[in-house]
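Residues per chain are reported as follows:
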Amino acid sequence: MLVSAAVCPCPPLLVPALAAGAAPELDAARDACADALGVLAASRPDRLVVVGPAAGPQDLEPYPQGAHGSFRGYGVALDVTLDGTPAGPGHGEPPTLPTSLAVAAWLLGNVAWSASPIQGLGVREPLDTERCIKSGRDIAARDERVALLVMGDASACRTLKAPGYLDDRAAAFDAEVARALAEADTTALAALDEKLATELQAAGRPCWQLLAGAAEGTSLDGALLYEAAPYGVGYLVATWS
């Protein structure tokens, strides 16, 4: 059963070493993510499942606790593991984690997560809504007390300089996602338009819908901790508990 969830964005710039001089611009987002992880820990889960967008060959790619990720592709000698330990340079294993889960691993290491075992799941884009909902239900049924860390960005079309250029539909899409997360509205998340989300480059859509499936039948309360669109990309941090 799902007992708590945290929703966080997954841009590599969330890791200060990658952002360099621009790191302070996302300090508020980092603080909100840390607060969200605190809510997860307080729920005393039996297992934390971390889900994030991925581009692998499988629709749903599992990653065990301790799986290795790296930011070397971004020019920084920084490696992480999905086990809640702080990040460090150098690692003996080749990286396997997709970027979204590597960012999650950094967040977990930053708070020294020790509240429960961790399991990762890469969600291929675009995965259809029905499969996302079913996957969420399956995850919630695995343990008596399950927590979810849901990684994913909103639209990438909020400004002229955004990765997807300006799309007038983006602000309204992001606002509806923010409202649904703030109110723990599983029906609204499940109803998100797959085609529109893809056109707006909203990579978090499949993972948010997985959360909707996992939360079915619960009475969790939502809280929106952060909402902004730096660099023209919507970033949201929320908790359900």
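Below, the structure is looked at part by part. (Residues numbered from 1 in each chain as written. Predicted model: local features only at pLDDT ≥ 70, side-chain atom pairs only at ≥ 80, totals over all residues. Heavy atoms only, no water.)

Examining helix 2 (residues 27-42)
Along an α-helix, residues three or four apart share an orientation, since each turn contains 3.6 residues. Filter applied, for reference: Here a helix means four or more residues in a row that DSSP labels H or I, a strand means two or more in a row labelled E, and each is numbered from the N terminus. Take the residue count of a helix, subtract one, and multiply by 1.5 Å to get its expected span. Exposure categories follow from relative accessible area, calculated using a 1.4 Å probe and restricted to protein chains: below 20% of the type maximum is buried, above 50% is exposed, and the middle band is partly exposed. Working definition: the arc comes from the directions between the helix axis and the C-beta atoms, pointing outward to the latter.
In this model, helix 2 (16 residues) spans 23 Å end to end at C-alpha, consistent with the 22 Å of a helix rising 1.5 Å per residue. If you check which residues of helix 2 are buried, you get A29, R30, A32, C33, A36, L37 and L40. Projected down its long axis, helix 2 shows its buried positions confined to an angular sector of 160°, all on one face. In helix 2, the exposed residues that point more than 90 degrees away from the buried face are D31, D35 and A42. Residue R44 follows helix 2 closely and has a positive phi angle near 55°.

Points about the pattern of salt bridges
Convention followed: Salt bridge criterion: a side-chain nitrogen from Lys or Arg within 4 Å of a carboxyl oxygen from Asp or Glu.
Counting across every chain of the model gives 14 salt bridges. When the shortest N-O distance is used, the salt bridge between D143 and R47 registers 3.0 Å. Pair noted here: D143 is in the loop between helix 4 (129-140) and strand 7 (146-151) and R47 is in strand 2 (residues 47-54), with a separation of 96 residues, a long-range link. Its salt-bridge partner being D174, residue R158 comes within 2.8 Å of it at the nearest N-O pair. A residue pair is termed long-range when its members are at least 10 positions apart, and R158 in the loop between strand 7 and helix 5 (170-182) and D174 in helix 5 qualify at 16 residues. R158 gets classed as partly exposed once you look at its relative accessible area, which sits at 30%. With a relative accessible area of 2%, D174 lands in the buried category. Beyond isolated ion pairs, a larger network of salt bridges with shared partners links D167, R169, K195 and E199.

A short note on a negative patch on the surface
Counted only if it meets this: Patch criteria: residues need more than 30% relative accessible area and no salt bridge. Like-charged residues are merged within 9 Å; nonpolar side chains of Val, Leu, Ile, Met, Phe, Trp and Tyr are merged within 5 Å. Using a 1.4 Å probe, the Shrake-Rupley method yields the accessible areas, and only the shown protein chains count as cover for residues. Charge assignment in this entry is limited to Lys and Arg as positive and Asp and Glu as negative, and neither His nor the chain termini are counted. Charged side chains are reduced to one point each, which is NZ for Lys, CZ for Arg, CG for Asp and CD for Glu.
A surface patch of like charges, here negative, comprises D128, E130, D193 and E194. Of the residues examined, E130 reaches a relative accessible area of 65% and is grouped as exposed.

A closer look at the state of the cysteines
Applied cut-off: Defined by distance alone, a disulfide is two cysteine sulfur atoms within 2.5 Å.
Taken as a whole and judged by the stated rule, the model has 0 disulfides. The cysteine C33 is free of any disulfide, with C8 supplying the nearest cysteine sulfur at 3.5 Å. The thiol of C207 is not disulfide-bonded; the next cysteine sulfur, from C132, is found 7.5 Å away.

Regarding helix 3 (residues 99-110)
Over its 12 residues, helix 3 extends 16 Å from the first C-alpha to the last, a length consistent with the 16 Å expected when each residue adds 1.5 Å. Here helix 3 lies mainly inside the structure; 10 of its 12 residues are buried. Residues of helix 3 that are buried include every one of S100, L101, A102, V103, A104, A105, W106, L107, L108 and G109, and no others. Downstream of helix 3 by a residue or two, A112 has a phi angle that is positive, lying close to 55°.

This is a description of form; function is not addressed.
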